Amino acid sequence: MQIDIERINAIALEAGKAILEVYNGAQADFQTTLKSDSSPLTIADRISNDIIVKALREAYPLIPIISEEGRDIPYEDRKDWSYFWCVDPLDGTKEFIKRNGEFTVNIALIHDGVPVLGVIYVPVQDVLYYASEADGSWKKSSDGTVTALKVSTPAGDWVSVGSRSHASEEDEKVLAGYPVTSSITVGSSLKFCMIAEGEAQVYYRHGPTMEWDTAAGHAIANYSGARVTQPSGEAFSYNKPSLLNGSFLCIVNSCN
């Protein structure tokens, strides 16, 4: 299937600019509510979702969409999907509320359970990460510079990247098996991007995420030379009966 990734990039940028209008607005209250899982939802989440879903439907009306802010689609209705969009309109809502800038717009295309295209936009930094099976992984900086992304695989002195909001003791146990000498924490899907651009070598997440939390970052890491798997090494797939993910490991391929 032919997808114009520049069009997807433009959609992410439009959503990101709308998020910034809320983020930088005079109104201190983001109109935050709690979803059924007690995670926060802001007006920016809803605005971004509306922009992305509308644009994707106009551009690719035959491709269904799974979004964090969309309706729950029963597995029976989606189990035979070959392609679908997997969208997190504002990844890192907690970071958004904290105003630390570490939130992103995530759009991914899944084909037969595998992310084959991913776009992550960082509104506060005006930085865009994007990747596809055909073109590899790329970063577009705020000054317009476009750089190919390639993981860094030193023999030792690895850097681990972890969650600012969801660190666990299990992380330390798993990371002890790798030559990690320093660690950094960052919010949202930026952790995948740091692996892709060579700033870290391993990211382990213990405990649940949702498919839209990982899909775009999975593609960007994968096409830069990393891999995302279950801790056992088995494939980390999408469009599961439950959209809830188990633990996963994003790590550089030692052969690079």
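The preceding data block contains the structure.
On a predicted model such as this, the values are computed, not experimentally measured, just so you know. (Residues numbered from 1 in each chain as written. Predicted model: local features only at pLDDT ≥ 70, side-chain atom pairs only at ≥ 80, totals over all residues. Heavy atoms only, no water.)

Side note on the nonpolar core
Grouped together as the largest cluster of nonpolar side chains are 81 residues, with contacts concentrated most on Ile-8, Leu-56, Trp-85, Ile-107 and Ile-195. Residue contributions to this core peak at 10 residues, all from helix H1 (residues 5-23). The residues touching Ile-107, leaving out its near neighbours within four places in the chain, are Ile-8, Ile-11, Ala-12, Ile-52, Leu-56, Trp-85, Cys-86, Val-87, Leu-117, Gly-118, Val-119 and Ala-216. (Core = buried A, V, L, I, M, F, W, Y, C linked by side-chain atoms within 4.5 Å. Buried < 20%, exposed > 50% of the residue type's maximum accessible area, 1.4 Å probe, protein only. Helix = DSSP H or I, 4+ residues; strand = E, 2+ residues; numbered from the N terminus. Contact = heavy atoms within 4.5 Å.)

Overview of the packing of aromatic side chains
Scanning all chains against the criterion turns up 11 aromatic pairs. Measuring from ring centre to ring centre gives 5.8 Å for Trp-81 and Phe-84, while their planes differ by 50 degrees; the resulting arrangement is tilted. Judged by its relative accessible area of 1%, Phe-84 falls in the buried class. A centroid spacing of 5.1 Å and a plane angle of 80 degrees characterise the contact between Phe-96 and Phe-103, whose relative ring orientation is edge-to-face. A single burial state applies to Phe-96 and to Phe-103, both of which are buried. An aromatic cluster of three or more residues is present, and its members are Phe-192, Tyr-203, Phe-236, Tyr-238 and Phe-248. One Lys or Arg, Arg-99, reaches over the ring of Tyr-23 and ends 5.4 Å from the middle of that ring. (Phe/Tyr/Trp six-rings, centres within 6.5 Å; stacked < 30°, edge-to-face > 60°. Lys NZ or Arg CZ within 6 Å of the ring centre and 35° of its normal.)

Let's talk about the pattern of salt bridges
Scanning the entire structure with this criterion turns up 5 salt bridges. Across the salt bridge formed by Lys-79 and Glu-76, the nearest N and O atoms sit 3.9 Å from each other. Taking the relative accessible area as the measure of exposure, Lys-79 reaches 32% and is therefore partly exposed. The shortest N-O distance in the salt bridge between Lys-79 and Asp-80 comes to 3.4 Å. Classification of Asp-80 by relative accessible area gives exposed; the value is 64%. Salt bridges sharing common partners tie together Glu-76, Lys-79 and Asp-80. (Salt bridge = Lys/Arg side-chain N within 4 Å of Asp/Glu carboxyl O.)

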